[in-house]
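# Working through the structure, step by step
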Amino acid sequence: LSGKAMTSGAVVPEGNGTGFVWDAEGHIVTNWHVIGSILSQVPKGRDPGEVAKVTLEGADGRTKTFPATLVGAERSKDLAVLKVNA
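Attention in this report is confined to the structure presented alongside it. For clarity, every value in this text was computed on a predicted model and none was experimentally measured.

### Quick word on the packing of aromatic side chains
In the structure shown here, the tally under the stated rule is 1 aromatic pair. Residues F20 and W22 carry aromatic rings whose centres are separated by 5.9 Å and whose planes lie at 45° to one another, so their mutual orientation is tilted.

Below, the structure written as structure tokens:
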């Protein structure tokens, strides 16, 4: 994962949203409303702790999807931080 060369969009079966790569450690900043509805459930086939699938798009236009875990979220500020291992 290269924060300089990648952009991101959080893609979850329940809906779509956008976000951005915060750092080279794989932190993704997105909105709470993008993932809020799925925080209380684990959809079928998803590993416990995995809250979303995050698709990263490289500067060359190629994309790759990674499972993301929740680092933290604040509903009142409509903010969420996810982490991917890329």
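### What to know about the nonpolar core
Judged by nonpolar contacts, the single largest core of 14 residues is most densely connected at I28, I35, V54, L56, L82 and V84. Of all elements in the fold, only α1 (32-35), β5 (50-58), β6 (63-74) and β7 (79-84) reach the threshold of two or more residues within this core.

### A few points about the side chain of H27
Summarising the element assignment, H27 is placed in strand β4 (residues 27-30). Given a relative accessible area of 16%, H27 falls into the buried group. Contact partners of H27, with chain neighbours within four places excluded, come to F20, V21, W22, V71, V81, L82 and K83.

### Thoughts on the pairing of β5
Buried residues dominate β5, accounting for 7 of its 9 residues. Here β5 pairs with β6 via 7 bridges, running antiparallel. Looking at β6, one finds that E57 is bridged to T63. The hairpin turn running from β5 into β6, its antiparallel successor, is 4 residues long, and G61 in that turn takes a positive phi close to 90°.

### Focus: the environment of V71
Along the chain, the position of V71 falls in strand β6. Once the C-alpha coordinates of V71 and H27 are considered, the two residues, 44 residues apart in sequence, prove to be 8.3 Å apart. Contacts of V71, omitting those with residues within four sequence positions, involve H27, V81, L82 and K83.

### Some remarks on unusual backbone geometry
Only a minority of non-glycine residues have a phi that is not negative, and only a minority of peptide bonds are not trans. With a phi angle near 50°, D78 is a residue other than glycine that sits in the positive phi range. Tracing the sequence through the fold places D78 in the loop between β6 and β7.

Rules of the game
- Residues numbered from 1 in each chain as written.
- Predicted model: local features only at pLDDT ≥ 70, side-chain atom pairs only at ≥ 80, totals over all residues.
- Heavy atoms only, no water.
- Phe/Tyr/Trp six-rings, centres within 6.5 Å; stacked < 30°, edge-to-face > 60°.
- Core = buried A, V, L, I, M, F, W, Y, C linked by side-chain atoms within 4.5 Å.
- Buried < 20%, exposed > 50% of the residue type's maximum accessible area, 1.4 Å probe, protein only.
- Helix = DSSP H or I, 4+ residues; strand = E, 2+ residues; numbered from the N terminus.
- Contact = heavy atoms within 4.5 Å.
- Pairing = 2+ DSSP bridges.

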